[in-house]
Amino acid sequence: MTCLKKPFPLICSSLMAILPLWNALGEDYSKKGYLTFNAKPLGSEERPLILRTYCPEPKLDRNHVLGNHSRGTKVAKYSARNGKESDKAISPINGIPAAIAVNLGKKLSYVWDTTECRLLYAWTDGFLDMKNYWGNQAGGRRKGFGYVPELYGFLFYKAQGKHPIHINGKSIAELGALKYLGYELDESKQPVFSYSAGKHSLEFTPRSGPEKQTLKLTVSTGGKEMITFNSPKTQVKEMSSEPGKLVVVVRPNAGDRYSSDRKVVAIKEASLAKGEELYNSMGCVACHTTDGGLNHGPTFKGLAGNHREFISAKAQKADDAYLIESIQNPSAKTVKGYLLGMMPPYQLQPLEYESLVLFIKTCK
Amino acid sequence: MKSISRFLLLFLFFSNFGWAKSYLLEDVPFPKDLPPEIGDLAFDQDGKLYACLRRGDVLVSHPGKDLSKIEWKVFATGLHNGMGMEVIAPGKVVVSQMGELTLIEDLDRDGVADQYLNLCSDFGLSGNYHETNAICPDGEGGYYLALGTASHNGPTFYTSRGEYNHDGRRGRNFSAVKYKGYVLNCKKDGSLKPYANGFRMHNGIAQDESGNLWCGDNQGDWRGGSPIYRVKKDGFHGHPSSLIWDERYDPFGMPLFYPRKLLDELYDKPAMELPRNMMPSPGAPMVITSTEFGPFYGQMLVPDENGRRIVRLMPEEVDSAWQGAAALFYENANLRAGGVRIAPSPDGKSIYYGSTTRGWQRPDEGIQRITYSDKTPFHIQSCSLSIDGFRVKFTEPLAHSQNLAQNIKIRSYRFEYGYRYGSRELDKKNHKILGVQKLDDTDNPTWGISIEKLSPSRIYELSFSVKSVSGLKMISPFVQYTVQRLRRPETDFPARISETKRGLEVSLGGKPFATYDTTSSNKPIIWQVIGPNGQNMLRDWPLKKDTPGEAHDHIHHQGIFFAHEKISGANFWHIDRPNSGSIEQRRLIDTRSGKDRAMIKTLNAWKNKKGTTLAADTRTLTFFGDATSRTIDLEFILHATNGPVQIDPYKDGVFAIRTHPDLRLKPSPKDGVKEVFGQALNSEGNHAKGVWGKRADWVHYFGAVDGKPAGIAFLSHPTNPSKGNQKGWWHARDYGLISANPFAPEKIKGDGGRTIPKGQSLGFRYQIIFHSYDKHEDAKIEERFAEYAKTPAHPTSMMSPHPGYPEDYLSKNSK
């Protein structure tokens, strides 16, 4: 997008106003070939985008589809305040740890998992919104407590049941140890995945099918086994089948629309509870203790209302205005003994700042 | 904290003084829309620089003199937060992503990688954001892999990869899946073997030319300062969460709840503990392999993930471990914060410094190049520990060197080790300089600085206010030397340890002394012991059955051993009772060999007959000697790991020796012991049989063994726990058994039993001296005891109580 260069700021901003959708689709990657600050990168058919990352889990059947994964547990929340486990519990979140997401623009996105060695889901008209993980250009921190990217687009295929590929009549799930070997890029620059199941080696090539929202899947073993593809509640048409190689077209078995737009919930009043929630979810807890403990940033204990000295600004009392300024524009004043320019700015609702101030005041 | 503002003031004053002329900083440009979040940097043999970026791309460029002309091309893409990369050949790299060690290759040579092979993924992935990995080559076609722990600041997934452990998930930085917090060796054949554990976030690992492995660890819980580790094989580097995956610790329950003293005993201390205002978060160390980057060949540089500086490390080997000095190498307001990786340039004249801060700080991403201008910077070139102080060499001759003693200040402090995040400087001391002298006659000599009270387990901060002969000042006046161990004095009787089938054999001056035997009995024992005159000092039976002239009583009297008749219901004294338990060595923690003394330190599990673990012990045995005496020193600590440890009072116990029959006080002809040559005396003037059941600082049996003068003195340290602070109680018999018993029944004037509450530890110190005299006065036991009483115990860095922090992180947490 050449309009982003300096000489044409006026034209540039009006173009930006007229074509917000275009920018939102993140054509940066498909044009540039490298990942940019755009948290919604998109590939194209000419330039597929491969992104290995923690992937969203769009309600898959954990027992059959994610059967090789172990189960996380609820655990007592660790209180950095005093080194104890608190009475509150933290639950795990949905996410897939070791999968590879591939995108060809609006035409096709899919996620292939290296732990289950299978295609988990596929969708069109979108890809992954990485803002939870990549943050934004100014902030750099993830945006919430969970940081799994979010799906957006139209999900048309979800893996069902046990592993669908059958070798000589047996599902891969029953053939022995599953091992992901890697992938190679073919002439279309899309991946061909290799894995072994017991004594068998397989190559799996997922591609978009002949019609919109269909998939063409090729499975080959390099041997002479009979291969079939069996997925419950899914229409599968065999295009060609010979010993050691199978090509099928899979029709949609799901229809879920996903969006990653965040609804901003305006808070109605400042509260201590909200302040504590922000302290934990916005990441303040990572650098500021509440009990006097040492960390990257100053402790909140004894902060509110007390005297503060800065590296280059005049010393003053840490009143409410100072507290808010230090969240909105932390570089304005840096406390003596700490490093300059470390904390990113946080743009919050006015009542959110006030809630944080209420929370800081309780740290005596 | 005064020292923080001192550092800051000096930074402002010195930052562009002199060093800016020696090391020139340049920025390496990237396209403005590209986030250069550096995971790792490396050059290939053709001079091309690869940059592994955390969002997924690996870029390549050919940096020339004029960096503004640099062009970046995409080599590979789609990698998950890769924080480790090694270049094997042009177009062939290995990257450690979060979930995989991947071999990436450009097979068709079009400049873009087309094959991504899974070299290794035999470790878990919980879904937490903190589980990044770093690598370095192992020199044998494989890699060392550093797996960071997870952080409580982010969640984990319902569906994780690999075995999941709920207890491993608990705590601040946690290890819910294998092998978070470890260094592993991924061998050439793809097999993955654990190498060391106890790490928190060792963000970068490097191997030096001698094969030592180095890594830092970020500031955090269980870290007093910022540690730099020389990774010890099979060692534990301080952060307990990863122990959950180490089978050697299986008997002892949840590692986070181990008694504090136990963790302190298990901890393989770092080579350096840098103060947090010098280096809050070390990135990857880089070994300087170029002679064209300044006068620091062979030393290491480490970037700061939080600050705008690079620190120089000067490690050296002292008494079987690595430690050393650190000094600021480079600091500049224009250097990016978030320095994680440094790669040397192919021509050796520059380093490329890569930074990223996404996830913990305001963005400061990119690569900068620092080039040496051939103008020698002025600082210490090296700093080494001597017997009584330090040896320092500067990079240039000094101006006015006659006043050097006036221009050096030395202070020291220690950090404590515990679950809190960071430690303040404790026990601060200023050290008087006793003397400064030139150690050679050159223009730029090595200087010997001797100070008073040089002690181990402390960090020494040397500060210099000197100028070079050409008027240059040091970029920072401070040099931090972490003294974990002191230099041992020279000796004519070096103590060495060698492995044998039965255990570890200690020799003194080339002659066998004692064997620490972990195979012959149901507990570790010491057998045999050879006195300075060459005789066996212990009974052979029942370990060796055919020695004539020995009585075959008390089959459980086997060499030297530590046991008691009832601990939590199990009998560790007798070996053949229905409730007899066993003491099993779980880990050989440390050995020191080759100097004036040898040391063996082990971890042991006390189990009852069913195999239930009742307690743990850590014991440190020190062996030393000269022409006429040989000593075994024991520091023994019992830890209540699994529950309270109930010690019942019994007269038979606890630290015992069954001597050679010649040192008995009374013969037993019906048992084959016809003639004996022993006399007994204690510190209170009791003698012969009268030493039994009495309190004394020591007991002494002396006379002759095998016709040559010999004696055994058994000393109990005055700090040993007892009721009413009394001297030790002795179960010292006339037929060859001598034992120190701190748990004898009160009705025979002993200290009675006791219960060690869960999470607590109880320690004892004893010494056994084997000598070659036949008269008490000649053995000088009173003098030996006075010296022993003054000798401090092994230094501890155990966290002391803090107001507001639960003393027992464990006893209040039962979930």
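Residues numbered from 1 in each chain as written. Chains lettered and ligands numbered in written order. Predicted model: local features only at pLDDT ≥ 70, side-chain atom pairs only at ≥ 80, totals over all residues. Heavy atoms only, no water.

## Some remarks on the overall build of chain A
A count of helices and strands for chain A gives seven helices and 22 strands. Expressed as a percentage of its 364 residues, the buried residues of chain A come to 53%. Carbon and sulfur atoms provide 55% of the accessible area of chain A, an area that totals close to 16800 Å². (Helix = DSSP H or I, 4+ residues; strand = E, 2+ residues; numbered from the N terminus. Buried < 20%, exposed > 50% of the residue type's maximum accessible area, 1.4 Å probe, protein only. Areas by Shrake-Rupley, 256 points an atom, 1.4 Å probe, with all protein chains shown as cover.)

## What to know about the overall build of chain B
For chain B, the count of helices and strands is five helices and 54 strands. Computed over C-alpha atoms, the radius of gyration of chain B comes to 30 Å, within 12% of the 28 Å expected from 2.2 N^0.38 for 815 residues, which places it in the range of a compact globule. Counting only C-alpha atoms, chain B reaches 100 × 70 × 50 Å along its principal axes. For chain B, buried positions account for 65% of its 815 residues. Long-range pairs, those at least 24 residues apart, make up 61% of the contacts in chain B between residues at least 6 apart in sequence. (Rg over C-alpha atoms; globule rule 2.2 N^0.38 Å. Contact = heavy atoms within 4.5 Å.)

## Some thoughts on the confidence of the model for chain B
All names here are of chain B. Per-residue pLDDT for chain B has a mean of 93; in total, 96% of the residues score no lower than 70. In this model residues 810-815 is a low-confidence stretch, pLDDT under 50, and it forms 13 contacts with partners more than four residues away in sequence or in other chains. In the model output, the complex is listed with pTM 0.90 alongside ipTM 0.91. (pLDDT = per-residue confidence, 0-100.)

## Quick notes on the environment of B:K69
All names here are of chain B. Here K69 shows up in the loop between strand 4 (58-61) and strand 5 (73-76). Spatially, the C-alpha atoms of K69 and M278 are 35 Å apart, while their sequence positions differ by 209 residues. Of the polar contacts made by the side chain of K69, one reaches the side chain of D66; its length is 2.9 Å. (Polar contact = N/O pair within 3.5 Å; in protein donor to acceptor, adjacent residues only side chain to side chain.)

## Observations regarding the interface of chain B and chain A
Contacts between the two partners involve 76 residues from chain B, matched on the other side by 77 residues from chain A. Together chain B and chain A conceal approximately 6900 Å² of surface at their shared face, both sides included; 52% is due to carbon and sulfur atoms. Connecting chain B to chain A are three salt bridges. Our enumeration of links across chain B and chain A arrives at 28 residue pairs in polar contact (both at pLDDT 80 or more). Sort the elements by how many residues they give to the side of chain B that touches chain A and strand 9 (residues 115-120) of chain B lands first, with four residues. Residues belonging to the side of chain B that touches chain A are distributed by class as follows: 27 nonpolar, 30 polar and 19 charged. The pairing of strand 2 (residues 70-71) of chain A with strand 13 (residues 159-160) of chain B spans two bridges and is classified as antiparallel. Bridging from a neighbouring strand, A:R71 pairs with B:T159 of strand 13 of chain B. (Buried area = accessible area lost by both parts, 1.4 Å probe. Salt bridge = Lys/Arg side-chain N within 4 Å of Asp/Glu carboxyl O. Nonpolar A, V, L, I, M, F, W, Y, C, P; charged D, E, K, R; others polar. Pairing = 2+ DSSP bridges.)

## Quick notes on the environment of B:S470
Residue and element names in this part refer to chain B. Within the secondary structure, S470 is located in the loop between strand 34 (458-464) and strand 35 (478-483). Relative accessible area serves as the criterion here: at 47%, S470 is assigned to the partly exposed category. As for S470 and R414, which are separated by 56 residues in sequence, their C-alpha atoms are 36 Å apart. For S470, the side chain forms a polar contact with the side chain of E396, separated by 3.2 Å.

## Some remarks on the sheet that holds strand 41 (residues 582-592) of chain B
The strands making up a sheet associate through backbone hydrogen bonding, with each pair oriented either parallel or antiparallel. Residues and elements named next belong to chain B. On the basis of which strands lie adjacent, the open sheet formed by eight strands has the order 41-42-43-44-54-50-49-47 and antiparallel pairing. Looking along the sheet, the strands with just one partner apiece sit at the ends: strand 41 and strand 47 (679-682). Strand-to-strand, the axes of this sheet are offset by a mean angle of 20°, without reference to chain direction. Looking at chain direction, strand 41 and strand 42 (residues 597-607) are connected through nine bridges and run antiparallel. Bridge assignment links S582 to a residue of strand 42, and that residue is K607. Across the face of the sheet, helix 5 (residues 781-790) comes into contact with strand 43 (613-625), strand 44 (629-639), strand 49 (698-705), strand 50 (708-716) and strand 54 (761-771) while running at roughly 35° to strand 50. (Axes fitted to C-alpha atoms, helices over the stretch in contact; angles between N-to-C directions.)

## A short note on helix 5 of chain B
Residues and elements named next belong to chain B. Among all positions in helix 5, only I781, R784, F785 and Y788 are buried. Seen end-on, helix 5 carries its buried residues on one side only, within an arc spanning 100°. In helix 5, the exposed positions angled more than 90 degrees off the buried face are occupied by E783, E787 and K790. Contacts from the buried residues of helix 5 go to strand 43, strand 44, strand 49, strand 50, strand 54 and helix 4 (776-779). (Arc of directions from axis to C-beta.)

## What about the nonpolar core?
Residue and element names in this part refer to chain B. If you look at the biggest cluster of nonpolar residues, it comprises 64 residues, and the most contacted ones within it are V529, I560, I632, F714 and F770. With five residues, strand 54 is the largest single contributor of residues to this core. Apart from residues no more than four positions distant in its own chain, I632 is found in contact with F513, A514, I526, V529, I560, L621, T622, F623, Y766, Q767, I768 and F770. In this structure, L147, V231, M254 and Y258 belong to the second largest nonpolar core, which totals 49 residues. (Core = buried A, V, L, I, M, F, W, Y, C linked by side-chain atoms within 4.5 Å.)

## Points about the pattern of salt bridges
Tallied over the entire structure, the rule returns 61 salt bridges over all chains. Where A:E45 meets A:K107, a salt bridge forms, and the shortest distance between an N and an O atom there is 3.4 Å. A residue pair is termed long-range when its members are at least 10 positions apart, and A:E45 in the loop between helix 3 (28-32) and strand 1 (49-55) and A:K107 in the loop between strand 5 (96-103) and strand 6 (109-113) qualify at 62 residues. Judged by relative accessible area, which is 40%, A:K107 ranks as partly exposed. A salt bridge links B:D319 to B:R597; the nearest nitrogen and oxygen atoms lie 2.6 Å apart.

## Observations regarding the pairing of strand 18 (residues 213-216) of chain B
All names here are of chain B. Judged by which residues are buried, strand 18 turns out to be covered on both faces: L213 and C215 on one side and W214 and G216 on the other are all buried. The pairing of strand 17 (residues 205-207) with strand 18 spans three bridges and is antiparallel. Residue pairing in the sheet places Q207 in a bridge with L213 of strand 18. With antiparallel pairing between neighbouring strands as the criterion, strand 17 and strand 18 make up a hairpin whose turn holds five residues, including G211 at a positive phi of roughly 90°. As paired strands, strand 18 and strand 19 (residues 226-230) are joined by three bridges and run antiparallel to one another. Bridging across to strand 19, W214 finds its partner in R230.

## Let's talk about unusual backbone geometry
At the junction of B:W541 and B:P542, the peptide bond is cis and its omega measures out at 5° in the coordinates. As for its position among the elements, B:P542 is in the loop between strand 39 (525-529) and strand 40 (560-564). B:V654 follows B:G653 through a cis peptide bond whose omega is -10°. When you line up the elements, B:V654 lands in strand 46 (residues 653-658). Residues other than glycine seldom take positive phi values, yet A:N168 does so here, at roughly 50°. Residue position: A:N168 is located in the loop between strand 11 (165-167) and strand 12 (170-171). Phi at B:S457 is positive, roughly 60°, even though this residue is not glycine. Structurally, B:S457 can be placed in the loop between strand 33 (446-451) and strand 34.

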